[in-house]
Amino acid sequence: LYPTFLNYAFQMAGYASQYHSYSNARVAAGIEKTYAQVESFARQIHSSLNPTEVAYHVANEGWKLIECDRLCVGIRHARRRVTVEAVSGADVVEKASTHVRRLRLLMQSVLQWGETLTFKGEKDPGLPPDVSAALDDYLHESQPKLLIVQPVRDEREKDQKKPARGVLVMESFNPPEQIETLVQRLEIVTKHAAPALYNAAEMKRVPL
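Residues numbered from 1 in each chain as written. Predicted model: local features only at pLDDT ≥ 70, side-chain atom pairs only at ≥ 80, totals over all residues. Heavy atoms only, no water.

## Re helix α4 (residues 129-141)
- Given a rise of 1.5 Å per residue, 13 residues ought to cover 18 Å, and the 19 Å separating the end C-alpha atoms of α4 matches this to within 8%.
- Buried residues belonging to α4 abut β1 (70-76), α3 (98-113), β3 (117-119), β4 (146-152) and β5 (166-172). (Helix = DSSP H or I, 4+ residues; strand = E, 2+ residues; numbered from the N terminus. Expected span 1.5 Å × (residues − 1). Contact = heavy atoms within 4.5 Å.)

Take a look at the structure:
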């Protein structure tokens, strides 16, 4: 009986070892794939200094990287006014549409506030009035179960009193119960998008 049990234990240990090795290989392959995606994303968004082109790459490549339902990009060109430069999956942004106008006002109010807005189905009662009103208006146009409006500030933007140059709006209509992975991917996209959007916005300000 003892030799039989010992053989069984060795066999199970072998199976466990194989599974562990296979699992580690899968994790390593997943990490390598993610690094490759991030590297490709960084190259694309720095390939132009045209704000619309940069925003288009951030929206469409960032959307794939995050694996959300929609990613929108806004750039602050003037003191306060924000322009919706790109919406993932859309070749052209219809800036006169109600949806885009309300999206722009949401971006603008969050940039003036200076904090990240996270909506997970219930609105925070402590939001500033302007942000709260802009969020209500936008939710009449879109009904995401997860909405994150993330200011994008480059390290060269030293004046913290000024709104950030860029802003991202991530939407998910059927998010997972644990949203940490989505948030982490958004942070990665934000980190790489910040210098690209800042460079493009500054270049547009140069005369001629």
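## Details of the pairing of β4
- Summarising burial for β4: seven of the seven residues are buried, a large majority.
- Burial of β4 is two-sided: the residues Leu146, Ile148, Gln150 and Val152 facing one way and the residues Leu147, Val149 and Pro151 facing the other way are all buried.
- By the bridge criterion, three bridges tie β3 to β4 in an arrangement that is antiparallel. For Phe119, the partnering residue across the bridge sits in β4 and is Leu147.
- Relative to β5, β4 runs antiparallel, the two being bridged by seven bridges. For Val152, the partnering residue across the bridge sits in β5 and is Gly166. (Buried < 20%, exposed > 50% of the residue type's maximum accessible area, 1.4 Å probe, protein only. Pairing = 2+ DSSP bridges.)

## Things to note about the pattern of salt bridges
- Counting across every chain of the model gives eight salt bridges.
- We note a salt bridge from Glu67 to Arg185, for which the minimum N-O separation is 3.1 Å. Residue Glu67 is located in the loop between α2 (51-66) and β1, and its partner Arg185 is located in helix α5 (residues 180-205); the two are separated by 118 residues in the primary sequence.
- Owing to a relative accessible area of 57%, Glu67 belongs among the exposed residues under this scheme.
- The class of Arg185 is partly exposed, set by a relative accessible area of 27%.
- Here Asp154 makes a salt bridge to Arg156, at a shortest N to O gap of 2.6 Å.
- In this structure Asp154 comes out as buried when scored by relative accessible area, which is 6%.
- The exposure class assigned to Arg156 is partly exposed, which follows from its relative accessible area of 40%. (Salt bridge = Lys/Arg side-chain N within 4 Å of Asp/Glu carboxyl O.)

## Some points on the side chain of Ser109
- Note on placement: Ser109 falls in helix α3.
- Once residues within four sequence positions are removed from consideration, Ser109 is found in contact with Asp130, Val131 and Ala134.

## Structural notes on the side chain of Ser88
- Secondary-structure assignment places Ser88 in the loop between β2 (82-87) and α3.
- Ser88 sits in the buried class, given a relative accessible area of 9%.
- For Ser88, the side chain forms a polar contact with the main-chain nitrogen of Leu71, separated by 2.9 Å.
- In this structure Ser88 touches Ala59, Asn60, Trp63, Asp69, Arg70 and Leu71, once residues within four positions along its chain are discounted. (Polar contact = N/O pair within 3.5 Å; in protein donor to acceptor, adjacent residues only side chain to side chain.)

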